[in-house]
Amino acid sequence: MSLEFTSIITALNNQQVIAYPTEAVFGLGCDPDSEQALRELLALKQRPWEKGLILIAAEYDQLLPYIADSQLSESQRAAIFASWPGPVTWVIPAKPTTSTLLTGHFNSLAVRVSDHPLVQQLCREFGKPLVSTSANLSGQEPCRSANEVLQQFGAAFPVLAGNVGGRLNPSEIRDALTGEQIRQG
């Protein structure tokens with residue numbers, strides 16, 4: 001069911017997986033600090049934990065508890081900041097305390113500061129970043145509307161009402177240490 005912010009924040013605080021609009025598609029998200037919610041999201045997506053997940057935030061400071069910012073040079077940080085907020089995801093070294101359910105079998109974490117106004121508001125009101133993976137069941141196309149999410153995940157699934165941005169492709173992914181492009185956007 002399409003919900004407003006208050007109900008979505010309540011769902012996140014209750015360790016539920018939610019869906020919300022992003023720049024190109026609806027994303028599935030949850031509290032990155034809730035092992036229960038992370039496991040539920042991975043099971044729902046039928047996604048192996050080893051692949052890792054993306055965190056999406058309203059601002060860089062929200063990502064600092066999860067990433068090893070001190071391992072970035074000024075020029076690497078400048079390249080990241082030049083692309084944010086926006087549709088570029090950066091793979092940054094993770095703090096050793098970051099859950100392996102987020103990093104997968106990597107020692108890094110994929111992160112993005114979104115320019116989507118609903119994502120920014122959601123992360124600000126929740127007070128931290130959210131996990132972000134495309135809202136679709138394995139083998140299905142990513143959902144581009146709240147109705148598509150409800151069709152794939154059921155009428156009771158908590159979905160933030162709103163529209164996706166105008167992008168056709170998922171975010172570009174780049175390695176923060178090398179600048180190398182991992183996935184074209």
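Residues numbered from 1 in each chain as written. Predicted model: local features only at pLDDT ≥ 70, side-chain atom pairs only at ≥ 80, totals over all residues. Heavy atoms only, no water.

Per an unreviewed UniProt entry, the protein chain is named Threonylcarbamoyl-AMP synthase, and its organism is Serratia odorifera DSM 4582. We quote the UniProt Subcellular location (unreviewed entry) comment for the protein chain here in full: "Cytoplasm". (UniProt positions renumbered as here; feature names shortened; annotations may be inferred.)

Asker: Honestly, the nonpolar core in this entry has me stumped. Any pointers?
Answerer: Grouped burial of nonpolar side chains is what soluble globular proteins tend to show. Leu63, Val149 and Phe157 are the most contacted members of the largest nonpolar core, which totals 38 residues. Contributions of two or more residues to this core are made by strand E3 (26-29), helix H2 (35-45), strand E4 (54-57), strand E5 (88-93), helix H4 (100-103), strand E6 (108-113) and helix H6 (146-153). Listed in part, the 16 residues of the second largest apolar core include Phe5, Ile9, Ala11 and Ala58. (Core = buried A, V, L, I, M, F, W, Y, C linked by side-chain atoms within 4.5 Å. Buried < 20%, exposed > 50% of the residue type's maximum accessible area, 1.4 Å probe, protein only. Helix = DSSP H or I, 4+ residues; strand = E, 2+ residues; numbered from the N terminus.)

Asker: How should I be thinking about the packing of helix H1 (residues 5-13) against helix H5 (residues 117-126) in this particular structure?
Answerer: Relative placement of two packed helices is described by the angle separating their axes and the distance separating the axes. Relative orientation of the contacting elements H1 and H5 amounts to 55°, with a least axis distance of 10 Å. As far as their axial angle goes, H5 and H1 are oblique. Crossing handedness for the pair H1 and H5: right-handed. In this structure, H1 uses Phe5, Ile8, Ile9, Leu12 and Asn13 to contact H5, whose residues at the interface are Leu118, Gln121, Leu122, Glu125 and Phe126. (Axes fitted to C-alpha atoms, helices over the stretch in contact; angles between N-to-C directions. Parallel < 35°, antiparallel > 145°, perpendicular 65-115°, else oblique. Left-handed = near helix turned anticlockwise from the far one by under 90°. Contact = heavy atoms within 4.5 Å.)

Asker: Before we go on, may I ask you to explain H2 in this structure?
Answerer: Within an α-helix, residues lying three or four positions from one another point in the same direction, as the helix has 3.6 residues per turn. Residues Ala37, Leu38, Leu41, Leu42 and Lys45 constitute the buried set of H2. The buried side chains of H2 occupy one side of the element, clustering within an arc of 135° when seen end-on. Where H2 is buried, its residues contact E3, H4 and strand E7 (130-134). (Arc of directions from axis to C-beta.)

Asker: Help me understand the packing of aromatic side chains, please; the structure alone is not making it clear to me.
Answerer: All told, the structure shown has 3 aromatic pairs when counted by the stated rule. Plain terms: the ring middles of tyrosine 60 and phenylalanine 81 are 4.8 Å apart, the flat faces sit at 80° to each other, and that makes the pair edge-to-face. Separated by 21 residues along the polypeptide, tyrosine 60 in the loop between E4 and helix H3 (74-83) and phenylalanine 81 in helix H3 bring together distant segments of the chain. Both rings, one in tyrosine 60 and one in tryptophan 84, keep their centres 6.1 Å apart while their planes meet at 45°; by these two values the pair is tilted. Of this pair, tyrosine 60 sits in the loop between E4 and H3 while tryptophan 84 sits in the loop between H3 and E5, placing them 24 residues apart in sequence. Like tyrosine 60, the residue tryptophan 84 is buried in the burial classification. Every member of this aromatic cluster is reached through a ring pair, and the members are Tyr60, Phe81 and Trp84. (Phe/Tyr/Trp six-rings, centres within 6.5 Å; stacked < 30°, edge-to-face > 60°.)

Asker: Help me understand the side chain of glutamine 76 in this model?
Answerer: With respect to the helices, strands and loops of the structure, glutamine 76 is situated in helix H3. Residues within four places of glutamine 76 in sequence aside, it is in contact with Gln71, Ala176 and Leu177.

Asker: What exactly am I supposed to notice about the side chain of serine 132 here?
Answerer: With respect to the helices and strands, the residue serine 132 is situated in strand E7. A polar atom in the side chain of serine 132 sits 3.2 Å from the side chain of tyrosine 20. (Polar contact = N/O pair within 3.5 Å; in protein donor to acceptor, adjacent residues only side chain to side chain.)

Asker: It is not clear to me how H5 should be interpreted in this structure. Could you clarify?
Answerer: All of the buried residues along H5 are Leu118, Val119, Gln120, Leu122, Cys123 and Phe126. Here the buried face of H5 lies against H1, strand E2 (18-21), E4, E7 and strand E8 (159-160). At the exit of H5 stands glycine 127, carrying a positive phi of roughly 90°.

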